[in-house]
Amino acid sequence: FQPPAPRLVVTGRAGWMGMGRGAGRSALGFWPTLAFLLCSFPAAASPCKILKCNSEFWSATSGSHAPAADDTPEFCAALRTYALCTRRTARTCRGDLAYHSAVHGIEDLMSQHNCSRDGPTSQPRLRTLPPAGDSQERSDSPEICHYEKSFHKHAAAPNYTHCGLFGDPHLRTFTDRFQTCKVQGAWPLIDNNYLNVQVTNTPVLPGSAATATSKLTIIFKNFQECVDQKVYQAEMDELPGAFVDGSKNGGDKHGANSLKITEKVSGQHVEIQAKYIGTTIVVRQVGRYLTFAVRMPEEVVNAVEDWDSQGLYLCLRGCPLNQQIDFQAFHTNTEGPGAQRPAAASPAPTAPETFPYETAVAKCKEKLPVEDLYYQACVFDLLTTGDVNFTLAAYYALEDVKMLHSNKDKLHLYERTRDLPGRAAAAGLPPAPRLLLGALVLLLALLPVFC
């Protein structure tokens, strides 16, 4: 497996507690980092049962079960139970990054709360959902739990940005950069003070470099009186309409409904509204694979405590250079009837039994008549995977942009041109505007001759 970015392996008191900014209970401030790691590894990958230990500790120390601030003995008992669980699975967890991160976190918290290693343990308790008509149905929320009302009462409306990931995989960043990446394994998509999103990309077919998103983990961090920490997880052929604890809102707090999950189409389309941070997330399953789209205020996008050591954050920084595929070179090698597909040594080798170029173009044109980067991504995916469902993935990704992007002039992105020396660059513009701009430059150049 490929572990997440190294910055997620956080040990030491400052590191674990630093991830808990905004948490209502500082003793559990390490949870976002821990959950982010533990939820990132498929359970079937090894017999290591660290995820079960994690879930039991979460049940014992969250929501109505959470120990009071001065109830150290109960919290220590929960920690000892957690430590016992990790020891029982230690033999099968050797080399597991999530397991070792959990062990370091437990030791650190035991030291902070002066917990002895010997003493009573607690029985794991399952979280109970509120009765019908209670917090699941509440519509009133504190003003602090509505981003636009609380953060911008006396200021201009926030500037919203968009990020999306789809197909083999294609990334549109918060700054409207469009990249095609390899990024096989687990990668952080968003990592700020309020939200963590991690994707896992796996090969589509044997013998192909094509990868697609097979798993998605979203962690909403505990926030004031608005929401408890919530985790949403989706995998291939499993797109739940609820968080992992079975709830559909932010928990037991007064502002619980400022975080809500709605199943738009069963097993195919889920939308999560996080009003307390002004964020909307759309998750889809198209074919066997997942797509992700988010609308988020710039203030939330950039809410990072230590910017210099932020590390990877794909939606903000884009894919690392060594993970990017040369989209332009690929299309140059495949455009036109009878063109040769890239050889195995090229940045994007094709899979067996893929579509001919002409067929790929025809199928993509049906859904994406505008020849923008979404259309080009569609053609790319059909040539690399042979899976016609990737046509729909590109189509729905563009539909999500239309719904979520705040600047309607930037719905379509166009391939940047490689201009010859001495010629004006018109990167990012469609063919017609490029021609007009070229004519304008020529006119301006000749103007002194006639004047």
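Nothing here was measured: the structure is a model prediction, and the numbers come from that model.

Undergrad: Describe the overall build of the chain, naming the residues involved and giving the relevant values.
TA: Looking only at helices and strands, the chain features 13 helices and 11 strands. A burial count over the chain gives 52% of its 451 residues as buried. Within the structure as shown, the chain displays about 20,800 Å² of accessible surface, and the carbon and sulfur contribution to it stands at 55%.

Undergrad: Got a sec to walk through the sheet that holds strand E11 (residues 289-297)? Specific residues and values, please.
TA: Strand order in this open sheet of seven strands is E3-E2-E1-E11-E10-E9-E8, and the pairing throughout is antiparallel. The open sheet has two edge strands, strand E3 (178-180) and strand E8 (259-265), and neither has a second partner. Direction aside, neighbouring strands of the sheet carry axes that sit 10° apart on average. Here strand E2 (residues 170-172) pairs with E3 via three bridges, running antiparallel. For Leu 171, the partnering residue across the bridge sits in E3 and is Gln 179.

Undergrad: Outline the sheet that holds strand E7 (residues 230-235), listing residues and values.
TA: Ordered by their spatial adjacency, four strands build an open sheet running E4-E5-E6-E7, and the pairing between neighbours is antiparallel. The outermost strands of the open sheet, each flanked by one partner alone, are strand E4 (185-191) and E7. The average undirected angle you get between the axes of adjacent strands in this sheet is 20°.

Undergrad: Can you explain the nonpolar core? Please cite residues and give values.
TA: Counting residues in hydrophobic clusters, the biggest one holds 48 residues, and the most contacted among them are Ile 190, Ile 218, Phe 220, Ile 272, Tyr 276 and Phe 292. With four residues, E11 is the largest single contributor of residues to this core. Apart from residues no more than four positions distant in its own chain, Phe 220 is found in contact with Tyr 194, Leu 195, Asp 228, Gln 229, Lys 230, Phe 243, Leu 259, Ile 272, Ala 274, Tyr 276 and Ile 281. One finds Phe 355, Leu 373, Cys 378 and Val 379 within the second-largest nonpolar core, a separate group that totals 22 residues.

Undergrad: So what's going on with the state of the cysteines? Residues and values would help.
TA: Applying the stated rule across the entire model yields six disulfides. With a sulfur-sulfur separation of 2.0 Å, Cys 53 is cross-linked through a disulfide to Cys 85. With the S-S bond torsion at -80°, the cross-link from Cys 53 to Cys 85 turns out left-handed. Here Cys 53, found in helix H3 (residues 50-61), pairs with Cys 85, found in helix H4 (residues 72-88); they are 32 residues apart in sequence, far enough to count as distant. By relative accessible area, Cys 85 is classed as buried at 14%. Between the sulfur of Cys 145 and that of Cys 226 lies a disulfide, 2.0 Å long from S to S. Note on the Cys 145 and Cys 226 pair: the S-S dihedral is about -100°, so by sign convention the disulfide is left-handed. In this pair, Cys 145 sits in the loop between helix H5 (97-112) and helix H6 (147-151) while Cys 226 sits in the loop between strand E6 (211-220) and E7, placing the two residues 81 residues apart along the sequence. The exposure classification of Cys 145 matches that of Cys 226, with both residues buried.

Reading the values: rules and limits
- Residues numbered from 1 in each chain as written.
- Predicted model: local features only at pLDDT ≥ 70, side-chain atom pairs only at ≥ 80, totals over all residues.
- Heavy atoms only, no water.
- Helix = DSSP H or I, 4+ residues; strand = E, 2+ residues; numbered from the N terminus.
- Buried < 20%, exposed > 50% of the residue type's maximum accessible area, 1.4 Å probe, protein only.
- Areas by Shrake-Rupley, 256 points an atom, 1.4 Å probe, with all protein chains shown as cover.
- Pairing = 2+ DSSP bridges.
- Axes fitted to C-alpha atoms, helices over the stretch in contact; angles between N-to-C directions.
- Core = buried A, V, L, I, M, F, W, Y, C linked by side-chain atoms within 4.5 Å.
- Contact = heavy atoms within 4.5 Å.
- Disulfide = S-S within 2.5 Å.

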